[in-house]
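This is what each chain is made of:
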Amino acid sequence: MRYEGTIYRPPGEWKSYLLQVTVGCSHNACTFCGMYKDKRYHVRPLSDVMEDIQMARAYYGDVRRVFLCDGDAIALPTGDLLAILRALYETFPALERVTTYAGPESTLEKTPEELRTLREAGLTRAYLGLETGNDALLKAVCKGVDAAGMLEAGVRLRQAGMDLWVMVLLGLAGSGGGTRHILDTAAMVNEMRPRHLSALSLILQPGTVLYRDWKAGRFTPVTARESLEEVRLLVEKLTVDPLHFTCDHASNYLPLKGTLPDRREEFLTALDGALAGDVALRPEWSRGV
Ligand code: SF4
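A few points about helix 2 (residues 78–91)
Here's step 1: An ideal rise of 1.5 Å per residue puts 20 Å on 14 residues; helix 2 measures up with 20 Å between its terminal C-alpha atoms.
Here's step 2: Residues of helix 2 that are buried include every one of T78, L81, L82, A83, I84, L85, A87, L88 and T91, and no others.
Here's step 3: In the core, the buried residues of helix 2 are packed alongside strand 1 (17–20), helix 1 (46–60), strand 4 (65–69), strand 5 (97–101), helix 4 (112–120) and strand 6 (123–131).

Here is the structure:
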């Protein structure tokens with residue numbers, strides 16, 4: 001398979017054929033994100049993408065899942081995305097789902113009708129990096145949209161019929177800022193109503209603005225305790241029912257995974273145990289992005 005640069009995918013897409021349709025992220029400005037710093041954003045020629053699909057057919061045979069890379073494939077012109085979806089479903093008769101990251105800015109550039117057309121053509125799931133529901137923090141980390149824009153992007157994806165998977169970032173406000181960050185985040189998730197929510201923890205990555213801020217003493221990361229308190233507050237405040245909740249990423253101190261609200265009490269008990277020092281946390285050295 002032909003890939004340009006490092007390829008990232010959501011953890012749940014480990015079984016998917018990764019088809020690179022864009023290189024990098026169309027936004028590439030978030031102060032905490034180092035994923036695509038080595039790439040200059042561009043759209044791959046449609047003819048190359050179509051060739052890749054045929055190469056994948058020859059190499060893998062039939063596939064059931066495809067994830068469109070890189071960081072924001074929804075930014076592709078709608079006509080190109082539709083052509084790619086058509087080619088994928090024609091080439092792989094067993095194909096069940098095609099998924100993508102959806103940047104909020106790029107999502108808002110699509111009309112609700114375009115998003116619905118993409119869903120009907122087989123774009124089944126969108127992963128949205130919500131990060132925080134706090135308006136000031138979204139602006140501070142240069143996410144490209146304010147809180148109203150983020151909410152609108154998520155609601156449009158859900159209303160288009162996509163299986164919406166939202167990611168939020170624990171520790172993004174730094175030490176002392178968690179309560180406002182999490183209260184606003186929970187409120188936005190409750191209004192957006194995704195089916196899935198992943199809470200990841202901020203890992204400062206060299207080459208990013210936030211890493212430089214940390215080194216210069218302008219940003220103080222949360223402690224493990226503060227991170228657990230953020231998860232606890234989030235779990236307590238979420239009201240979406242049902243919500244598939246995961247907090248088991250390599251960056252997290254205490255792995256939690258299950259459906260809310262059914263497992264809320266169990267998660268809160270586990271978090272209280274961890275906060276009391278009764279449960280071992282993931283050691284700092286083994287945490288990663
Ligand atoms: S939109 Fe996503 S991939 Fe792009 S810079 Fe921000 S966090 Fe990174």
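Comments concerning the site of the ligand
Here's step 1: In the vicinity of the ligand, the contacting residues are C25, N28, A29, C30, F32, C33, M35, Y36 and K143.
Here's step 2: When atoms are counted within 2 Å of each cavity's grid points, the one that captures over half of the ligand is the largest pocket.

Some thoughts on the pairing of strand 6
Here's step 1: For strand 6, the buried fraction is high: nine of the nine residues fall into the buried class.
Here's step 2: As judged from the four bridges shared by strand 5 and strand 6, these two strands associate in the parallel manner. Counterpart to T99 in the pairing with strand 6 is R125.
Here's step 3: By the bridge criterion, six bridges tie strand 6 to strand 7 (residues 163–170) in an arrangement that is parallel. The partner of G129 across the bridge, within strand 7, is M167.

Looking at the pattern of salt bridges
Here's step 1: Within this structure, the stated rule accounts for 20 salt bridges.
Here's step 2: When the shortest N-O distance is used, the salt bridge between D70 and K39 registers 2.8 Å. In this pair, D70 sits in the loop between strand 4 and helix 2 while K39 sits in the loop between strand 2 (22–23) and strand 3 (42–43), placing the two residues 31 residues apart along the sequence.
Here's step 3: D70 sits in the buried class, given a relative accessible area of 0%.
Here's step 4: With its nearest N and O atoms 3.7 Å apart, the salt bridge here joins R116 to E113. With R116 and E113 both in helix 4, this residue pair falls three residues apart, about one helical turn.
Here's step 5: Among the ionic contacts, a cluster of salt bridges with common partners joins E13, R97, R125, D163 and R195.

Topic: the pairing of strand 1
Here's step 1: Neither face of strand 1 is open: one carries Y17 and L19, the other L18 and Q20, and all of them are buried.
Here's step 2: Judged from the four bridges that link them, strand 1 and strand 4 form a sheet pairing that is parallel. Across the sheet, residue L19 finds its bridge partner in strand 4, namely L68.

Thoughts on a nonpolar patch on the surface
Here's step 1: A surface patch of nonpolar side chains, amounting to about 510 Å² of accessible area, comprises M1, Y3, M55, Y59 and Y60.
Here's step 2: You can call M55 partly exposed: its relative accessible area is 33%.

Brief notes about the packing of aromatic side chains
Here's step 1: For the structure shown, the criterion picks out ten aromatic pairs.
Here's step 2: Centre to centre, the rings of Y17 and Y60 are 5.6 Å apart; their planes meet at 55°, and the pair counts as tilted. In this pair, Y17 is assigned in strand 1 and Y60 in helix 1, connecting sequence segments 43 residues apart.
Here's step 3: On the numbers, 6.2 Å between centres and 45° between planes, the contact of F245 with F267 is tilted.

Details of unusual backbone geometry
Here's step 1: Here the bond from D241 into P242 is cis, since omega is 0°, no more than 30 degrees from zero.
Here's step 2: For P242, the location among the structural elements is in the loop between helix 9 (224–237) and strand 9 (243–246).
Here's step 3: The omega angle of the peptide bond from L260 to P261 is 5°, so this bond is cis rather than trans.
Here's step 4: A positive phi angle is found at C142, which is not glycine, with a value near 60°.
Here's step 5: Relative to the elements of secondary structure, C142 occurs in the loop between helix 5 (135–140) and helix 6 (147–159).

A few points about the layout of surface pockets
Here's step 1: Of the voids in this model, the largest pocket is the one considered here, and its volume is about 1100 Å³.
Here's step 2: Taken together, 50 residues form the lining of the largest pocket, with M35, Y101, E131, M167 and L200 sitting closest to its centre.
Here's step 3: Going through the elements one at a time, helix 3 (104–109), strand 6, strand 7, strand 8 (196–201) and strand 9 are the ones with two or more residues in the lining of the largest pocket.
Here's step 4: When the residues that make up the lining of the largest pocket are grouped by side-chain class, the tally is 27 nonpolar, 16 polar and seven charged.
Here's step 5: By volume, the second largest pocket amounts to about 180 Å³.
Here's step 6: Residue composition of the lining of the second largest pocket, by class: eight nonpolar, three polar and two charged.

Calculation notes
Residues numbered from 1 in each chain as written. Predicted model: local features only at pLDDT ≥ 70, side-chain atom pairs only at ≥ 80, totals over all residues. Heavy atoms only, no water. Helix = DSSP H or I, 4+ residues; strand = E, 2+ residues; numbered from the N terminus. Expected span 1.5 Å × (residues − 1). Buried < 20%, exposed > 50% of the residue type's maximum accessible area, 1.4 Å probe, protein only. Contact = heavy atoms within 4.5 Å. Near = heavy atom within 4 Å. 1 Å grid on protein atoms, 1.4 Å probe; cavity = no way out; pocket = protein on both sides within 12 Å on 5 of 7 lines; lining within 4 Å. Sits in = over half its atoms within 2 Å of the grid points. Pairing = 2+ DSSP bridges. Salt bridge = Lys/Arg side-chain N within 4 Å of Asp/Glu carboxyl O. Patch = residues over 30% accessible without salt bridge, like charges linked within 9 Å, V, L, I, M, F, W, Y side chains within 5 Å. Areas by Shrake-Rupley, 256 points an atom, 1.4 Å probe, with all protein chains shown as cover. Phe/Tyr/Trp six-rings, centres within 6.5 Å; stacked < 30°, edge-to-face > 60°. Points joined across faces, edges and corners; volume = space filled by probe spheres on them. Nonpolar A, V, L, I, M, F, W, Y, C, P; charged D, E, K, R; others polar.

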